[in-house]
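# Understanding the architecture of this molecule
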Amino acid sequence: MPVLVVNVDHIATIRQARMGQEPDPVTAAHLAEMAGAMGIIVHLREDRRHIQDRDVELLKAVLKTNLHFEMAATDEMKAIALRIRPYMVCLVPEKREELTTEGGLECAGRESFLKEYLAPFHDSGIRSSLFIDADPAQIEAAGKSGAEYVEIHTGHYADAQHYKDKQKKLEKIVEGVRHARNLGLKVNLGHGLNYHNIYGFSRVSGISEYSIGHSIISRAALTGMTEAVKTMAGIIHAFVE
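The rules behind each value
- Residues numbered from 1 in each chain as written.
- Predicted model: local features only at pLDDT ≥ 70, side-chain atom pairs only at ≥ 80, totals over all residues.
- Heavy atoms only, no water.
- Axes fitted to C-alpha atoms, helices over the stretch in contact; angles between N-to-C directions.
- Helix = DSSP H or I, 4+ residues; strand = E, 2+ residues; numbered from the N terminus.
- Parallel < 35°, antiparallel > 145°, perpendicular 65-115°, else oblique.
- Left-handed = near helix turned anticlockwise from the far one by under 90°.
- Contact = heavy atoms within 4.5 Å.
- Nonpolar A, V, L, I, M, F, W, Y, C, P; charged D, E, K, R; others polar.
- Salt bridge = Lys/Arg side-chain N within 4 Å of Asp/Glu carboxyl O.
- Buried < 20%, exposed > 50% of the residue type's maximum accessible area, 1.4 Å probe, protein only.
- Phe/Tyr/Trp six-rings, centres within 6.5 Å; stacked < 30°, edge-to-face > 60°.
- Lys NZ or Arg CZ within 6 Å of the ring centre and 35° of its normal.
- Arc of directions from axis to C-beta.
- Pairing = 2+ DSSP bridges.

The N-to-C vectors of helix 2 (residues 25-35) and helix 10 (residues 225-237) enclose an angle of 40 degrees; their axes lie 8 Å apart at closest approach. Taken together, helix 2 and helix 10 sit at an angle that is classed as oblique. Pair helix 2 / helix 10 crosses with right-handed handedness. Packed against helix 2, whose contacting residues are Ala28, Leu31, Ala32 and Ala35, the element helix 10 presents Met225, Thr226, Val229, Lys230 and Ala233 at the interface. Looking at the contact of helix 2 with helix 10 residue by residue, the class counts come to seven nonpolar, one polar and one charged.

And the structure:
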């Protein structure tokens, strides 16, 4: 059965707007866990625009579920992740000027680099994932990199404005899920998923986790974290696996 993992980056975004202490992403993570999240995601960016190093350390120390650590493939982030020892690292592309991650990681042609980069995590018992587009070449490259998981980028589907285009993007993702599973990869989905478009995956098998952040945090701002997470977790638990 697929599970929900919740990204709390944007709780930290609100906090950093005033450079204060609240709202606290660690508190939000606890509420998400109590409401049914099976993991918490944070992305420690190079510019520390939202999540801070202290947040990651506290989350690792107090979470009852799993900590997923999104990161760029840099020496700095590798050192932090090996020290913190999250449940999983997910390599993502990162640009300072972007508002949010804009696309998947370029894996094709970088298989040797990625395999070498991920090796210390595997030696330490840390799971690894690559955030990629649903492109056969990227999926195959990810399979050669030694990662156990891929997280397929669902943003293009989420952003599609017209039904036919949305269905076309959905079909490409579903085919990507099948392709990755056939290669022995475990598959997560994430980016832009909300309380409406997630139903497109209700009958899609082979998905391990749904990574959702912005939509839940947006809803939580109006209804509360517990209700927002509980509702999304309930939707996902009803999916046919």
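We are not done yet, so read on.
Under the defined criterion, the tally for this structure stands at eight salt bridges. In this structure, the salt-bridge partner of Asp55 is Arg15, at a minimum N-O distance of 2.7 Å. Pair noted here: Asp55 is in helix 3 (residues 53-62) and Arg15 is in helix 1 (residues 9-18), with a separation of 40 residues, a long-range link. Of the residues examined, Asp55 reaches a relative accessible area of 2% and is grouped as buried. Linking Arg48 and Asp53 is a salt bridge whose minimum nitrogen-to-oxygen distance equals 2.7 Å. Exposure remark for Arg48: the relative accessible area of 16% places this residue in the buried category. Overlapping salt bridges bring together Arg48, Asp53 and Glu76 as one network.

Summed over all chains, the structure comprises five aromatic pairs. A centroid spacing of 5.8 Å and a plane angle of 35 degrees characterise the contact between Phe113 and Tyr117, whose relative ring orientation is tilted. Taken together, the residues Phe113 and Tyr117, both in helix 5 (residues 111-123) and four residues apart, mark about one turn of the helix. The interplanar angle of 75 degrees and the centroid separation of 5.7 Å between the aromatic rings of Tyr210 and Phe239 together place this pair among those described as edge-to-face. Taken together, the residues Tyr210 in strand 8 (residues 207-212) and Phe239 in the segment after helix 10 connect sequence positions 29 residues apart. A relative accessible area of 0% means that Tyr210 is categorised as buried. For Lys166, the ring lying beneath its charged end belongs to Tyr157, and the centroid distance is 4.8 Å.

Moving on, we get to helix 4 (residues 75-84). Those residues of helix 4 lying buried are Met77, Lys78, Ile80, Ala81 and Ile84. Looking down the long axis of helix 4, one finds its buried residues gathered within 165 degrees of arc, a one-sided arrangement. The secondary structure elements touched by the buried residues of helix 4 are helix 3, strand 3 (66-71), strand 4 (88-91) and helix 5. In the segment just after helix 4, Arg85 is the residue with positive phi, at about 60 degrees.

Our next topic: unusual backbone geometry. Cis geometry marks the peptide bond from Glu22 to Pro23, where omega comes out at 0 degrees. Relative to the assigned elements, Pro23 resides in the loop between helix 1 and helix 2. Despite not being glycine, Arg48 shows a phi value in the positive range, around 55 degrees. Inspection of the secondary structure assignment puts Arg48 in the loop between strand 2 (39-43) and helix 3.

Taking strand neighbours around the barrel as the criterion, the eight strands line up as 1-2-3-4-5-6-7-8 in a closed arrangement whose pairing is parallel. The sheet shows a mean angle of 25 degrees between the axes of neighbouring strands, direction not considered. The sheet contact formed by strand 1 (residues 3-7) and strand 2 spans two bridges and is parallel. Bridging across to strand 2, Val6 finds its partner in Ile40. In the packing of helix 10 onto the sheet, the strands contacted are strand 1 and strand 8, and the crossing angle to strand 1 comes to about 145 degrees.

Across the five residues of strand 7 (residues 186-190), four count as buried, placing the element largely inside the fold. In the sheet, strand 6 (residues 149-153) pairs with strand 7 via five bridges, with the strands oriented parallel. Residue pairing in the sheet places Tyr149 in a bridge with Lys186 of strand 7. Of the strand pairs in this sheet, strand 7 and strand 8 are connected by four bridges, and their pairing is parallel. The residue of strand 8 that forms the bridge with Asn188 is Glu209.

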